[in-house]
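# Structural description and commentary
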Amino acid sequence: MGNYVPLTENDIKEMLETIGVSSLDALFSDIPKKIRLKELNIPSGKSQQEVSDVMKALASKNTVYDVILRGAGSYSHYIPAFVKNITSRSEFVTAYTPYQAEISQGILQAIFEYQSLVCIMTGMDVSNASVYNGASAAAEGVLMCRERDRNKAIILGNVRPDTLKTIKTYASAQCMEILEMEANDAFVEMDKLKELMGEDTACVYLEQPGYYGELYSADKIAEAVHSAGAKFVMGCNPTSLALLKSPGECGADVAVGDGQPLGLPMAFGGPYLGFMACTEKMMRKIPGRIVGETVDHDGRRAFVLTLQAREQHIRRERASSNICSNQALCALTATAYLTCLGKEGFRNVAKACVSLSHYFAAQLQKIEGVELQNKGEFFHEFVTIIPDKSEEILKALAKNKILGGLKLDSDRILWCVTETSTKESLDNVIDIVRGAICC
Amino acid sequence: MLLIFEKSQEGKKGVDVRKPEVKEYSYSSELLRSDLDLPEVSEVDAVRHFTELSKRAFGVDDGFYPLGSCTMKYNPKINEEVASLKGFTDIHPLQPEEDAQGALEGIYMLSQLLSEITGMDAVSLQPAAGAHGEYTGLRLISSYHKSRGDIKRNKIIVPDSAHGTNPASATMAGFEVINVKSNEEKGVDLDELRAVVGEDTAALMLTNPTTLGLFEKNIVEIAEIVHNAGGLLYYDGANLNAVMGIVRPGDMGFDVVHLNLHKTFSTPHGGGGPGSGPVGCKMELAPYLPNPSVVKYGDEYFFVNDPDSIGKVGSFYGNFLVYVRALTYILTLGKEGIPYSAKIAVLNANYLKKKLQDIYTTEKKRHCMHEFVLSLEKLKEETGVSAMDVAKSMIDYKMHPPTMYFPMIVHEALMFEPTETENKETLDSVADLLRKLHEMAYSDPAVLKSAPHSTVISRPDEVTAARKPIVRYKKP
C-alpha cells in the first residue's frame, strides 16, 4: 500500500502518548458509531511503479494525432521548451494563493505581469488574475454588465456552443434574459440589432473571430451597442490579437477569452485559462482576484492582492462573484509563453496560422465539389461545405493519423490550421480529401 | 526586482517558430491592430527573470505550510509525471470518443472512486474549483426542487462559521442566504436551526469537520431536521481530509457534496489554481449534473447528455490534467491508504495542538480533527502582539504562516492544518518556535510587530494599493 506519511511506528506511539490517547481511533470519538464506515469498497493501494503502469496504459488508449486540423475552442500550437521547463518549478507549482505577500512576491509579480500582458493584448485598462476558462469568463463578463434596470443580454453571431451554454446556465440563476441574434457569415443586420436592444439591455456579447472563424466589423457593432446605452463584451482568441484590432480599439467595455492557445496543451479540455479585462470604469465590477502594485513599509516596490472588497471572503453573500481562486499556474504559462516568443515571435505564430489556413482553404476550394461557407475574411478557422462527405473525409484522414476538422453536420466541416502544420502536411491532407470525395 | 517590461529592449529576440512555405496572407488595414507592445527579451533573459520570480515564491516543497482549511499536503512527483504523458496532454477534447477511450475510462474510474469515498451515487468532474463546485451543487438543488414543483424553496441556510464562498455561491445560484449563529461548542445550534427551517428551505450548507476543526457531533439530528422540513443537505468538502475513508458525507445524511481535489487529493495549488471541484450527489439529483457524463456499455465508454441537466458550467469537461493527478493519488493510496492518511492528519493536528494549548487559547476538551484554531486575543491584550504579527514572524523561520483571522467567529484566530505529510521533527520545531514567539511577544514585541525581517519586502501597504489601484504596467 502506498501513502505519503513520514512517521515511524515509534513516532506514532510517542505522539499518541503525548496527546494522551491509546489509539488513532480514539481521536475520532466525536463521530457517531452508527455512521462510521467499516471499509472503503475500492482497490487496495499500489506501489508507485504499478500505478505508473496503470496510468501509462490508460494514456496509451488515447490516440495522439500527428497532424491536427481541429480547433473549435482547443488549439494545437507549438509550445516552446522554455514554457514547460519554467512553469514546472516547484516553487510555482506547490505554492498556495499569494495571501502572504512577503513570501509570495514572485507569484504576485508574475500575475501582475500577466494582467499587464492581457491589458496590452486586449487594449483594455484592467485585467483580473484569470478565471476558470473561456466559457466561464464569458459568463462572468456578461453578468458583470448587469445594472438595476438592465437585465438582458444579446448573444450576437456564431458563438462557441460551450460558451453559449455556460452563459445561459449562469444567466438563468440570475433571471437574466438571453436573446440570440444570428449573423450569417459575420454579416450583422444593424437595424435588427438596434430593434432588439432596448432600455433593458445590459450588454451584447460577440466572439471575434466567431465560431466559424469569421471576422466581424466589431467597431461598428460597438458603436450601435453604445448608442443603445448597453455594454459591449467581446470574446477573443488571444492568438488573433497579435494581428487583429484589439477589443479596446473596437470600443469594447469587457474583453474575455480562453488563454489556452498561449502555451497550454489541449489536454482533453483543461485546465485552461479564462482571461477577463475591462475599462477602468468597470474596474470595481470585475470578479476574481486582482494583483496591484504598492510599496512596503520601507518604500520598496511590492505587489499584493487588492480590491478585495469585491470578494467573497469579505462580502460573503454580497460579493461580485463566488470565485476565490484563479488559474495561477496557467496564467504563469501564458506569461512565460508570450515573454519567450516576444513581440516578433508571437506575431510570427499568428501570421503562420493565417497564411497556412488561407493556403489550405484555397487548395481545398480547388477540389471539385468543395465550397467555402465563409465568404468574408476569417482568421485560422473556416467551414467547408462538401455534400454528404463529412464522415468519409474525416475517416480517411484518421486512417493517416490526421485529426481532421470538426464535423458540424453531414456536409460541413470546421477546420483549423495553426503553425504546427507545414505546406507539405497540408498538401498531403488535400490529396486525402480529394481521394475521399471522388471515390 | 524589475518587471519583464522594464527589461525589454527593442530588437531583442526570443524563441521563433517555423516560417511557413506558403504565400503570406495579409488583411486589409481596417482589420489590423496598432503595434502590439509585448516585451522583447532573449531566451536566457527570460529564464533568469522567471527563475528569480520562482525564488521569491514559497511552496510545499520549500517548507512547512500549515494553512488551515487549505490542506497543503505534499504533491507527489508521480502525479506530475503522469499528467505530462503525451496520451493525456496532446489529445483534443473533441476528438472522437473511440480515440479517447483512455481519457473517458479515467473520468469514469475517478467518478466511481469519488462516489464510493463520499457515499454518493453520481459524480461530475466538471467544476474547476471548490467554489465552482458549490455553485454547481446548488444549481442541482435548485433544479431538484423545481422539478417537484416545489418552487418556494429559495433559501440557503449557512452557519456563521462557513467559508465566504458558501453564501457567495448561494447568491450566484439565485438563492437568498439565511445566516445562523453557532452554539457554544461552535457547532450548529439545533434550536436556532429548527426555528429557521421551513417551507422555503432549499438546503443547509455545512462543512464537517467544521471550520473550527471539530466534528459536528449532531450531524444525524441536523440532517433529520433539514430533511423533515423538505430541505437538502450540502456538504462543503474543504475538510474531507480529516475523515476520508472513516465516515462518508452520504452516510452522515448529505445529499450533495463538492470536493477539492487540490486539497484532499494532493493535486498542486499552483499559486492559486488550477484546482478541481467535483460534485457528487444522491440518485434523485443525478439527472441535473452538468453535461456530458461518461457511461460504460460493455467495455466501451461514451459521453451522454441528460435533457434535465443544468447545462454547462464551463468549457469541455473540467480540469482534466488535474483530475488525472487525483486518480493517480487515489490508486496509490487505495482503501487502506486513504483512511490511514486521514488518521495521521488528525494525529498531527492533535499533537501540535497539545504542545501549544497550555499557552495559547484553544478547544481543550475535545480532540480536534485535521486542524485546530488558536485564539491570540489574550496575547494581544497583554502584549499588543496580534495573530498577524505571530504569523508574519513564522516567515523568518522559513515556515509559511497558518490561516489568519478565520473563522470570523474566533478573535485573533490562527488556524493550523499540518496535514499527514509532515514528520514529527517538523511538528516539534513548529511547537518550539510558537512557544518562543509567545515568549518574545512579552520580552521583545517590536520584533514581532515589524516581522518579517528576512524577506525581499517588508509588510506591504495594502490600503494605498486599494485606494489608488495600479493593476498593470504602463510605459513611462
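Below or above, wherever it landed, is the structure these notes cover. (Residues numbered from 1 in each chain as written. Chains lettered and ligands numbered in written order. Predicted model: local features only at pLDDT ≥ 70, side-chain atom pairs only at ≥ 80, totals over all residues. Heavy atoms only, no water.)

## Concerning the pairing of strand β10 (residues 301-305) of chain A
All names here are of chain A. Note the threshold: The rule is simple: take the accessible area with a 1.4 Å probe, protein chains only, and divide by the maximum for that residue type; under 20% is buried, over 50% is exposed, in between is partly exposed. Numbering of helices and strands runs from the N terminus; a helix is a DSSP stretch of H or I covering at least four residues, while a strand is a stretch of E covering at least two. Two strands form a pair only when DSSP identifies at least two bridges running between them.
Most of β10 is tucked away, with four of its five residues classed as buried. With five bridges joining them, strand β9 (residues 291-295) and β10 adopt antiparallel strand pairing. Paired with Glu293 across the two strands is Phe303, which belongs to β10. The hairpin turn running from β9 into β10, its antiparallel successor, is five residues long, and Gly299 in that turn takes a positive phi close to 85 degrees.

## A short note on the packing of aromatic side chains
To keep it simple, the criterion reads: Stacked, tilted and edge-to-face pairs are distinguished by plane angle, under 30 degrees for stacked and over 60 for edge-to-face with tilted covering the rest, among Phe, Tyr and Trp rings (Trp via its six-membered ring) whose centres lie within 6.5 Å.
Inspection of the entire model under this criterion finds 27 aromatic pairs over all chains. Look at Phe82 of chain A and Phe50 of chain B: their rings are 5.9 Å apart centre to centre, the planes differ by 70 degrees, and that puts the pair in the edge-to-face class. Here Phe82 of chain A is found in helix α3 (residues 81-87), whereas its partner Phe50 of chain B is found in helix α2 (residues 43-55) on a different chain. The class of Phe82 of chain A is buried, set by a relative accessible area of 4%. Phe50 of chain B gets classed as buried once you look at its relative accessible area, which sits at 0%. Relative to Tyr317 of chain B, the ring of Phe303 of chain B has its centre 4.6 Å away and its plane inclined at 25 degrees; by these criteria the two rings are stacked. Taken together, the residues span a long stretch of sequence, with Phe303 of chain B in strand β9 (residues 300-304) and Tyr317 of chain B in the loop between β9 and α11 (320-354) at a distance of 14 residues.

## A closer look at the sheet that holds strand β2 (residues 155-159) of chain B
Residues and elements named next belong to chain B. The cut-off we apply is this: Note on definitions: angles span 0 to 180 degrees between N-to-C directions of axes, and those axes are lines fitted to C-alpha atoms, for helices only across the stretch in contact.
Read across the open sheet, the seven strands follow the order β1-β7-β6-β5-β4-β2-β3; overall the sheet is mixed. Strands at the two margins of the open sheet, each flanked by one partner only, are β1 (122-124) and β3 (176-180). When the angles between neighbouring strand axes are averaged without regard to direction, this sheet yields 20 degrees. In the sheet, strand β6 (residues 256-258) pairs with strand β7 (residues 279-281) via three bridges, with the strands oriented antiparallel. Across the sheet, the residue bridging to His258 is Val279, located in β7.

## Overview of helix α9 (residues 218-227) of chain A
All names here are of chain A. Where we set the bar: This arc is built from the directions going out from the helix axis to the C-beta atoms. By the convention used here, residues are in contact when the closest approach between their heavy atoms is within 4.5 Å.
Among the residues making up α9, those that are buried are Ala218, Ile221, Ala222, Ala224 and Val225. Axial view of α9: buried residues confined to an arc of 165 degrees, hence all on one face. Every exposed residue of α9 that faces more than 90 degrees away from the buried side is listed here: Lys220, Glu223 and Ser227. Close packing links the buried residues of α9 with β3 (152-156), α8 (190-196), β5 (201-208), β6 (231-236) and α10 (247-250). Positive phi appears at Gly229, one or two residues downstream of α9, with a value of about 80 degrees.

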